[in-house]
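Coordinate analysis (summary)
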Amino acid sequence: MLEIRNLSVAYGKIVAVSDLSLTVNEGEIVTVVGGNGAGKTTTLRTVSGVLKPRAGEILFKGQSIVGLPPEAIVTRGISHSPEGRMIFGRLTITENLKLGAYNRKDAAGVKSDMERMFGMFPVLEQRKSQRAGTLSGGEQQMLAIARSLMSRPTLLLLDEPSLGLAPLLVEKIFDVVVELRNEGVTILLVEQNANEALRISDRAYVLETGTVTVEGPSTELINDPKLRAAYLGLD
Amino acid sequence: MTINYILQQLVNGLALGSIYALLAIGLTMVYGILRLINFAHGDLMMLGAYVSSIFISATVVPILLAVLIPTLLIAVMGLIVERTAYKPLRGAPEVAMLITSLGVSRLIQNSTVLALSPQPRAFSLPGDLTKTVNVGGIRFTQLDVLTFLLVIVLMVLLTLYINRSKTGMAMRASSENLQAARLIGINVNWAIGAAFVLGSALAGTAGFLWASRYGIIDPFMGFLPGVKAFVAAVIGGIGSIRGAVVGGVLLGVAEIGFVGFLPPEFSGYRDAFVFSLLLIVLLVRPNGLFGASEVERA
Amino acid sequence: MKSTIARKTVVLLGGLVLLVVLLGVADATLNNYYLRILQLIGIYIVLTASLNLTNGFTGDFSLGHAAFMAIGGYTSALLTMPLAARALQLAELPVWFQEFVSPFPLATVLGGILAALVALPVGLVVLRLRGHYLAVATLGLLIIVKSIASNWEPVTRGARGLSGLNAETNLWWAFGWAVITIFVVWRMVHSPFGRSMIAVRDDSVAAASRGVHVFRIRLVAFIMSAFFGGVGGALLAHQLTAITPPTYSFDLTFLIVIMLVIGGSGSVTGSVIGAIIMTILPVILRDLERRFELPGVSQIIIAAALIAFMIFRRQGLMGNRELHPSTWFMKKPATPASVDAPQQ
Ligand SMILES: Nc1ncnc2c1ncn2[C@@H]1O[C@H](COP(=O)(O)OP(=O)(O)OP(=O)(O)O)[C@@H](O)[C@H]1O
Ligand SMILES: [Mg+2]
């Protein structure tokens, strides 16, 4: 579904991603782990069209999406729930959700999706006309995910959804991710919480200084003693 | 000093303040999204005044057109400026945008000089608009009344649009976090374009009002009011439309008050007074009255 | 090492001698019109190189340079004004002042010092701001100074201004000050202080965390910039021999900003190049403008060029590189870090 080939991305002179290749097949949950500054966020932002690659290809459903503006990429079915949530705190929760559906023309579908989101995250419905900035961190994360689902993506990019959340909420978020996959959304998940992420994902990539160093089925990676020591913070 | 004199000054201050408010709205919307001080904004007002003067001098045209046509034309003009000069600078350091807007300001001023003349020209309203009405000793012109009405109506319409429409929502989102707006697929160029169109339209209206008040227009008339309107936007809290309106009105009243209530030898310092106010506000309350965004501090 | 230093000195001295010879030839051969243009180049080099300290090197974008020029210009004009002119124009000033005529060089320095003294409290206030807010605040300073010049009748004579000054500014003063300014700015920038300036510009938070006194660095740069601004204002006053409030207008600030950005903020030699180009170009353009009776065209061309520069060559002609004669024969010197913010 998504195929990244030999991707390189730089901020000015700083090269953040170099020669990175990665594939996500339809229906998979794919995890990307890696230390701070490894280039995970940069990769996702490039897929979303916010950053332009210096070299490499990004194919979505077999077609190149490099050079397309972000809104065109959203329309094709890729949605991005960014690191740090980036909800619009001065707008209401309903408005945040509506903005997630900014490029959709089917008003009725948007309305029913909104109901679906409220069903999935009841706390959002209770507070739907309040400013999103008044939500707690965990609630904001749910709003961010809900907002990104409002565009009806077939591929969802999730950047560190469990960051800074209490264990119970982390569980809830991972449950949601699994549920989404069961509903047919393909997921590319970036996580520091690698242990949990590997448990729910099919395959995984380890990123180091902008490139893939290890890849394989999650079950293999989770049991690799070297990886466990180096990246998973276990043992 | 009679109560009538005070009220009279208040009327004059409100009239000037209304014009600042119209200008400040455009500046605050653009600054909110792009972090750009559009130094050319006042020059768009000047163009509005010139367009308006064409229709004012043709007496057969109803006065409404002398307001409406500059409003529409300057809206288009603002969009052209955005797309040609500012859009290529997305992501550039803010200083590059600032310098560009100074360049655009110069370009507009001197194009007007070239196309018309550097000399000021008279702008005279049809007689009945300048006729004064005496209400309990306070003199209003019909123009004053028209100014207030126009400003209030435009303000209400704009607020409704920003708060209710999809584009308005996108503008607010872009103003809060441009990166996030882009990332989730909002067409931010559309939102930016809308901010320029709406803001410039108001500048076009302001051009008519300013010229009507002072009766004279010249190619360089817009720069200082434009910068003062930015001061008003800062006083109100940059990024906030309500702040721009309140800041504009306060600044107009303060400026007229400064001239009206201090001995005449101070009146030459009115511009200095405005900018001293700016400095005080920036230091004491940098977010202004309603500001949500913060001043970048060292 | 030693030999390169000696070589540098030789090249620099050689350059100075060459400059003196060229100026001497120019002085002897050129007519008044061209001499005045040449002098203006010297004055604008002083102004652009000094504005570079704030706008280029510490990244504090000031629009107030003309304010400091006005302070230097008015101060020096008051000090040098011939007694006869003074009796006519400044009768309201105290008697002791009526009789004190300062030599031009002293007046120039005093003009610079007063500008620097004003810059101290002003800097303490406006440098709490950065970015756009600083730009507008310094523009405000300019407007405040202009208001004072327009209204403080006994001292500035308001709109009539001060006139009857001796035409003291000549090639030697203009270029003498240009050389001094370049020397001082160069030494400042290529010193530990200069590295701190650039660190402050590129990332003031990181600089502060490394122990750089961010505010002090910015304040010193602002004050130094103001000093040479005042000197430049004094030189201009004694070239024009008469000054009024519009002499030190926003147009002048803007012209210097254009010189700086076209030359390349962040490059000392860029300032020189920018000043030369943007002194000569407007003269030529205004000539054409008059010949073809197209008022405004010169300003239109300059503004359009500025916008084009911002879009296509934001770093100016020189970027942050230097054109350094002594290095033409050896390896490139270490240049300060990049001016460009990361592009997204
Ligand atoms: N806007 C930017 N400008 C310059 N450099 C950047 C920018 N954003 C990221 N970088 C650099 O690019 C590299 C990769 O950053 P990125 O955010 O992609 O890492 P990451 O893997 O997401 O890290 P983390 O786990 O901390 O979120 C880092 O060295 C970072 O400093
Ligand atoms: Mg990241």
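Residues numbered from 1 in each chain as written. Chains lettered and ligands numbered in written order. Predicted model: local features only at pLDDT ≥ 70, side-chain atom pairs only at ≥ 80, totals over all residues. Heavy atoms only, no water.

**Thoughts on the pattern of salt bridges**
Stated precisely, the cut-off is as follows: Any carboxyl oxygen of Asp or Glu within 4 Å of a side-chain nitrogen of Lys or Arg constitutes a salt bridge here. Each helix corresponds to a stretch of at least 4 residues labelled H or I by DSSP, and each strand to a stretch of at least 2 residues labelled E; elements are numbered beginning at the N terminus. Each residue is placed in one exposure class: buried if its accessible area under a 1.4 Å probe, protein chains only, is under 20% of its type's maximum, exposed if it is over 50%, and partly exposed if it falls in between.
Counted under the stated rule, the structure contains 22 salt bridges over all chains. The partner of R172 of chain B in a salt bridge is E95 of chain A, and the shortest N-O contact between them spans 2.8 Å. A residue pair is termed interchain when its members come from two chains, as with R172 of chain B in helix α7 (residues 166–176) and E95 of chain A in helix α3 (residues 93–100). The pair R172 of chain B / E95 of chain A is uniform in exposure class, with both members buried. A salt bridge links E255 of chain B to K228 of chain B; the nearest nitrogen and oxygen atoms lie 3.1 Å apart. In this pair, E255 of chain B sits in helix α11 (residues 241–261) while K228 of chain B sits in helix α10 (residues 223–236), placing the two residues 27 residues apart along the sequence. On the basis of relative accessible area, K228 of chain B is assigned to the buried category, the value being 5%. When salt bridges with common partners are traced through the structure, they connect R104, D106, D113, R116, R152 and E183 of chain A into a single cluster.

**Let's talk about the domain arrangement of chain A**
Residues and elements named next belong to chain A. Put simply, the rule reads: How far each domain reaches was decided by an automatic or database domain assignment. In what follows, residue pairs with any heavy atoms lying within 4.5 Å of each other are defined as contacts. Buried area is a sum: the accessible area each of two parts loses on coming together, probed at 1.4 Å, counted once for each and added. Counting of polar contacts relies on pairs of N or O atoms within 3.5 Å, with two restrictions inside protein: one atom must be capable of donating a hydrogen and the other of accepting it, and residues adjacent in sequence are counted only when both atoms are side-chain atoms. Amino acids outside the nonpolar list (Ala, Val, Leu, Ile, Met, Phe, Trp, Tyr, Cys, Pro) and the charged list (Asp, Glu, Lys, Arg) are all regarded as polar, and Gly is one of them.
Domain boundaries assigned for chain A yield domain 1 (2–77 + 153–232) and domain 2 (87–152). Inter-centroid distance (C-alpha atoms) of domain 1 to domain 2 is 23 Å. Taken together, the contacts link 17 residues of domain 1 with 13 residues of domain 2. Between domain 1 and domain 2, a total of about 1300 Å² is buried, with carbon and sulfur atoms accounting for 71% of that surface. Two residues, E183 and R116, come together in a salt bridge whose shortest N-O distance is 3.1 Å. Seen at the junction of domain 1 and domain 2, the total is one residue pair in polar contact (both at pLDDT 80 or more). Sorting the residues of the side of domain 1 that touches domain 2 by element identifies α2 (70–76), β7 (155–159) and α7 (167–182) as the ones contributing at least two each. A total of six residues in the side of domain 1 that touches domain 2 trace back to one element, the largest contributor, which is α7. Residue composition of the side of domain 1 that touches domain 2, grouped by class: 10 nonpolar, two polar and five charged.

**Side note on the site of ligand 1**
Here is the rule: We call a residue near a given molecule or strand whenever any one of its heavy atoms falls within 4 Å of it.
With respect to spatial proximity, 15 residues lie near ligand 1, and among them N36, G37, K40, T41 and T42 of chain A are the closest. Positioned at a junction of chains, ligand 1 has nearby residues supplied by chains A and C. Between ligand 1 and A38 of chain A there is a distance of 3.1 Å, counted from an oxygen atom to a backbone nitrogen or oxygen. Contact distances for ligand 1 include 2.7 Å between an oxygen atom and a side-chain N or O atom of K40 of chain A. Among the elements of the structure, β2 (14–24) and α1 (40–47) of chain A are those that each provide at least two residues to the shell around ligand 1. A per-element tally of the shell around ligand 1 places α1 of chain A first, with three residues. Here the residues of the shell around ligand 1 sort into four nonpolar, eight polar and three charged.

**Re the interface of chain B and chain C**
Across the contact, 49 residues belong to chain B and 44 residues belong to chain C. Taken together, the two surfaces of chain B and chain C that pack against each other cover about 4200 Å², and 75% of this comes from carbon and sulfur. Along the contact surface separating chain B from chain C lie one salt bridge. A salt bridge links R106 of chain B to D251 of chain C, with the nearest nitrogen and oxygen atoms 3.0 Å apart. For the interface between chain B and chain C, the tally reads four residue pairs in polar contact (both at pLDDT 80 or more). For the side of chain B that touches chain C, the secondary-structure elements that each account for two or more residues are α3 (63–86), α4 (94–115), α10 and α12 (270–284) of chain B. If you tally residues by element for the side of chain B that touches chain C, the top one is α4 of chain B, at 15 residues. Split into classes, the residues belonging to the side of chain B that touches chain C amount to 33 nonpolar, nine polar and seven charged.

**A short note on the sheet that holds strand β1 (residues 2–11) of chain A**
Residue and element names in this part refer to chain A. Under the convention used in this document: The rule for pairing is simple: two strands pair if DSSP sees at least two bridges between them. For helices, the fitted line uses only the C-alpha atoms of the stretch in contact; every axis is such a line through C-alpha atoms, and the angle between N-to-C directions lies from 0 to 180 degrees.
Judged by pairing direction, the sheet is antiparallel, and its four strands sit side by side in the order β2-β1-β4-β5 without closing on themselves. If you trace the sheet from one side to the other, it starts and ends with β2 and β5 (63–64), each paired once. As paired elements, β1 and strand β4 (residues 55–60) share five bridges and run antiparallel to each other. Note that in β4 the partner of L2 across the bridge is F60. Across the sheet, α1 touches β1, β2 and β4, and the angle it forms with β1 is around 110 degrees.

**Some words on the packing of aromatic side chains**
Just so we agree on the cut-off: Two rings belonging to Phe, Tyr or Trp (six-membered ring only in the last case) form a pair when the distance between their centres is within 6.5 Å. Interplanar angles under 30 degrees mark stacking, angles over 60 mark edge-to-face geometry, and anything in between is tilted. Ring-over charges, as used throughout, are those where CZ of Arg or NZ of Lys falls within 6 Å of the ring centre and within 35 degrees of the ring normal.
What the rule picks out here adds up to 16 aromatic pairs over all chains. Their ring planes at 40 degrees and their centres at 5.7 Å tell us that Y86 of chain B and F196 of chain B sit as a pair that is tilted. Of this pair, Y86 of chain B sits in helix α3 while F196 of chain B sits in helix α9 (residues 188–214); the two residues are 110 residues apart in sequence, bridging distant segments of the chain. Each member of the pair, Y86 of chain B together with F196 of chain B, is buried. Judged by centre distance (4.9 Å) and plane angle (45 degrees), the rings of W210 of chain B and Y214 of chain B are tilted. Highlighted residues: W210 of chain B and Y214 of chain B, both in helix α9, separated by four residues, approximately one helical turn. Taking relative accessible area as the criterion, Y214 of chain B reaches 38% and is therefore assigned partly exposed. Following the ring pairs from residue to residue traces out a cluster consisting of F39 and F223 of chain B together with F250 and F254 of chain C. The side chain of K166 of chain B reaches across the aromatic face of Y102 of chain A, ending 4.9 Å from its centre.

**Remarks on the coordination of the magnesium ion (ligand 2)**
Under the convention used in this document: In this listing, donors mean N, O and S atoms no farther than 2.8 Å from the metal, or 3.2 Å for Na, K and Ca; water is missing from the atoms, so a site can look incomplete.
Summarising the metal site, the magnesium ion (ligand 2) is bound by the protein donors T41 of chain A (OG1) and E83 of chain A (OE), whose distances to it range over 1.9 to 2.3 Å. One end of the pair, T41 of chain A, is in helix α1; the other, E83 of chain A, is in the loop between β6 (78–81) and α3, with 42 residues separating them in the sequence.

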